[in-house]
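Tertiary structure, described
What follows is the residue order along each chain.
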Amino acid sequence: MSAEQQHRDGQAADPGPRSLAQALRERDDASLGALLRSRPDLLHPVPTDVTQLATRAGTRASVLRALEHLDRFALQAAEALAVAPDPASYQELLDLLAGDDGDEEVAGALPATVALLRERALVWGGEDRLRLVRTARELLAPSASHSSPTGLGPSVAEATSGMSPGRIQAILTAAGLPHTHDTVSAVAALSGLFADRERVGELLEGAPEASREVLTRLVWGPPYGQVTAEPAVHLRWLLDRGLLLPTTPGTVVLPREAALSLRGGRAHRVPEPTRPRVAVAAERKPQVVDAAAGGQALAALDTVEELLRSWDEGGPAVLRAGGLSIRDLKRTATVLEVPEPVAAFWVELAYAAGLIASDGGYVEEHHDRHDRPDADAEGYEDEETRDARTRRRSGEAEHYAPTPEYDAWRDLPPAERWAWLLEAWLPGTRAPGLIGGRDGRDRTLSALGPGLDRSPAPEVRRRVLELMAGLEPGQAPDPATLLERLRWERPLRSAGPRREQPEPPRTGVRPAYGGGVAANDPEALRTKLTEWALLEAEMLGVTGRGALATHGRALLGAEGRSEGAGAGTAAAGSARAAVVAALLAPLLPEPLDHVLLQADLTAVAPGPLVRPLAEALGVLADVESKGGATVYRFTPGSVRRALDAGRSATELHAFLDRHSRTPVPQPLTYLIDDVARRHGLLRVGAASSYVRCDDESVLDEILADRRATALRLRRLAPTVVAAQADPRTLIEGLRAMGFAPAAESAEGDVMIARPHAHRTPPRTPPAPVPDGPPAPDATLLTAAVRAVRAGDRAATAPRKETPQAPGGLPRTSPADTLATVQAAAMTGESVWIGHVNAEGAASQRLLAPLRVEGGYVTGYDHTADEVRTYALHRITGVAELADEPDGAEPAR
């Protein structure tokens, strides 16, 4: 027995429900819950009864959202129902999709598709009376001005609605049909002719070849064409026989019945009942994939850390319209040594993870005095710190900077830090690839700026990973087939027939990241989102060499942070983050506590270093190159930087000897000793500023140097020289002359210049902008179904006729209301009440009063299915329930 026969045999022969509300009312609780789960917008707010649920399910916004979440074949079935008679039988729908020749794949897939449309309340009715929801029919059916997505136009009856009876009779004569007595029968006869395949074929046997070519161009849509006031002979032949019918002056249309006959009864040129298969582009060993992904994950952590380290003392300024300037993005890309679009991705990822934010411009830095190396007991601040503080206090500048969460993130193990980033990336709706493009108002989209949220992004991102997880471990998908699968699962509904899709990326071609996309091109956006998801997953280490890694599969397992939780501790402590971190940890190398010193004044770190060593070495040396091994170079400037930070030459020698696996080279020892010997020989303080030195010859040399002219130096004593420049400018000028001065405090003590970290106040990461309301959990679904059932029982309870207030609420006097409610409380009966709440919203409630006292009535509210209390002065009136017929069950 075929699938469609089983489907027909399993359906009752009765005509079915008379309305969508009745169809929903006949469902069981599990089916009603499935509807609310698939269409969560129906739950906000929870409907009071089934009638309100059906009304809401038929609204334009809700139907549009439901259609957008159908797969291609389900949408094709809905489009076929929109051009079928209303109501249509299951067999008529099958014929429209399979055509005259039949299609086993269509016949096998259609029962499940019809069940899906029923579940989502887009189709209702019995087996022989399938009805598409009216709003969906209006959206998908053709009209005189536009065709259906199937490419079909209006029917003969719709196209001839304004045509004169004489013209219709003339068409009948030309088509070889007998005259009729009225227009209705004439239209029916013409429709019957065009619906008969054999008779249409006989009619076209005598058609000119050019006429047949016109029908060939119009048959698959669009079915409209333009004609002049004096049509050509081959067009006149079609017009005379009704194969082209006028819609507006100069415009003609191929009637739906004729088009279906020419198509062989098919509503779509290519029905697509089966989902496309994701092809495999390459196969690799899972161990190789995991190793490559682990290396990428480590590189991602290094990149994010480098970004945050470069902004540690305060990042770039915030544009007035929000976001980073192009110049600041270029500087950031230079620091990270990546292209600008990739730098924008890392900046956006750190922002989504709550690690960077705007400091607000008005917030001062909060440092403990003991932690302020640039402040003495009297609160001395260097000029740069004082200027920055003044700007922030006055609101002149707003900058990006790391948040306090950055310090917590930095102290986590590497695997947990990576999981934190992924918990922000997976549900994020901001699309960094759009940066550099233009928005709908032709404004440039900037990093960290507004306008980057795209609600489909997380769904595309997650679905890409799910499809990759469906392959065997180590298999890399073909991007072209991956994109085609996504197009099948979420086709873009359009007003016309589906055109040929743009050519997908070729296998093996890696598209460039970024570049933007047209604001009004959803198909291009989805293509880009798919490409960006693949590239971002590779950069983050979710995939390795194009295949999903083991820890990447874990991202699709346990649920992450709860709704509304921050990206910080909630992400680190979630079950999913713990699983992912545990799988990734063995792939990451253990941090090292040593380096390899070389005779060319470089140090090689053969892997990631423990944090104290990395921070200390970052002060003592400059990073020369990165990669699998990091190369540091020692220079006079870097050694002086370490001495400025309070380290002595003895401490530096001990540090290198302790952390080097090779002997300390003699040139490096000489470099440290030479810089240390000259460091602090000159002392600079604040007078306007001054220089003092115990060696008078050094001051003589400075005063004789022409480069000191701009400093406007004047000798005050044999060992003291005053300057008109501020201390910072004086120090920089002396260093440019080859000296190594040190700053001193008012007491004459050497000031230690350590960089101080700037942090924003506590900030929450940007909340994703979801595509509609979130999916409800089981608890909410159970409560919602219970409330709808209770409200429906209450709404269908009969009542006696009473005067009504506007809105249909019962209207009685306060005395009658009180007496009726008290009587119901004594007898245990239920009554209808009209209630107006504090916000002015009116509703009708079926109430079983239990207690009336103090101006309030407390009772069991059948509408809400719970005990509630109402103020008597807010009750508009009371209506008693009508007497139940014999055998009827009263509302409970």
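See the structure printed just above.
Residues numbered from 1 in each chain as written. Predicted model: local features only at pLDDT ≥ 70, side-chain atom pairs only at ≥ 80, totals over all residues. Heavy atoms only, no water.

1. Structural notes on the overall build of the protein
For the protein, the count of helices and strands is 36 helices and 25 strands. For the protein, buried positions account for 48% of its 892 residues. Here the analysis covers contacts within the protein between residues at least 6 apart in sequence; of these, 68% occur between residues at least 24 apart. (Helix = DSSP H or I, 4+ residues; strand = E, 2+ residues; numbered from the N terminus. Buried < 20%, exposed > 50% of the residue type's maximum accessible area, 1.4 Å probe, protein only. Contact = heavy atoms within 4.5 Å.)

2. Observations regarding the pattern of salt bridges
If you walk through the whole model with that rule in mind, you get 35 salt bridges. The partner of Arg-759 in a salt bridge is Asp-407, and the shortest N-O contact between them spans 3.0 Å. In this pair, Arg-759 is assigned in the loop between β20 (742-743) and α35 (778-795) and Asp-407 in helix α21 (residues 404-410), connecting sequence segments 352 residues apart. Judged by relative accessible area, Asp-407 falls into the partly exposed class, the value being 24%. We note a salt bridge from Arg-851 to Glu-853, for which the minimum N-O separation is 3.1 Å. Members of the salt-bridge network, linked through shared partners, are Arg-72, Glu-272, Glu-484 and Arg-487. (Salt bridge = Lys/Arg side-chain N within 4 Å of Asp/Glu carboxyl O.)

3. A short note on the packing of helix α29 (residues 611-620) against helix α31 (residues 649-659)
Contact pair α29 / α31: the axes reach a minimum separation of 12 Å and the direction vectors enclose 130 degrees. Classified by the interaxial angle, the pair formed by α29 and α31 is oblique. Handedness of the α29/α31 crossing: left-handed. Two secondary-structure elements touch here, α29 through Leu-613, Ala-616, Leu-617 and Leu-620 and α31 through Leu-652, Phe-655, Leu-656 and His-659. Of the residues belonging to the contact of α29 with α31, the class tally is 7 nonpolar, 1 polar and no charged. (Axes fitted to C-alpha atoms, helices over the stretch in contact; angles between N-to-C directions. Parallel < 35°, antiparallel > 145°, perpendicular 65-115°, else oblique. Left-handed = near helix turned anticlockwise from the far one by under 90°. Nonpolar A, V, L, I, M, F, W, Y, C, P; charged D, E, K, R; others polar.)

4. Some words on the side chain of Thr-760
The residue Thr-760 is located in the loop between β20 and α35 in this model. Not counting residues within four places of it along the chain, the set of residues in contact with Thr-760 comprises Ala-357, Ser-358, Asp-359, Ala-401, Pro-402, Thr-403 and Pro-404.

5. Brief notes about the packing of aromatic side chains
The full count for this structure, using the stated rule, is 3 aromatic pairs. For the cation-ring pair, Arg-417 lies above Trp-409, with the distance from its terminal atom to the ring centre recorded as 5.5 Å. One residue, Arg-647, lies across the ring of Phe-655, its end atom 5.6 Å from the ring centre. (Phe/Tyr/Trp six-rings, centres within 6.5 Å; stacked < 30°, edge-to-face > 60°. Lys NZ or Arg CZ within 6 Å of the ring centre and 35° of its normal.)

6. Some thoughts on the sheet that holds strand β15 (residues 630-633)
Overall, antiparallel pairing links the 4 strands, which are arranged β12-β13-β15-β14 in an open sheet. Both outer strands of the open sheet, β12 (596-598) and β14 (622-625), are each paired with one neighbouring strand and no more. If you compare each strand with its neighbour and ignore which way they point, the axes differ by 30 degrees on average. When β12 meets strand β13 (residues 602-605), the two strands line up antiparallel, connected through 3 bridges. Bridge assignment links Leu-596 to a residue of β13, and that residue is Val-604. (Pairing = 2+ DSSP bridges.)

7. As for the sheet that holds strand β5 (residues 251-253)
Spatially, β3-β5-β4 is the arrangement adopted by the 3 strands of the open sheet, whose pairing is antiparallel. Sheet topology places β3 (224-226) and β4 (245-248) at the edges, where each strand pairs with a single neighbour. Neighbour to neighbour, the strand axes of the sheet diverge by 40 degrees on average, direction disregarded. Strand direction decides the pairing type here: β3 and β5, joined by 3 bridges, are antiparallel. The residue bridging Gln-226 from the neighbouring strand is Thr-251, located in β5.

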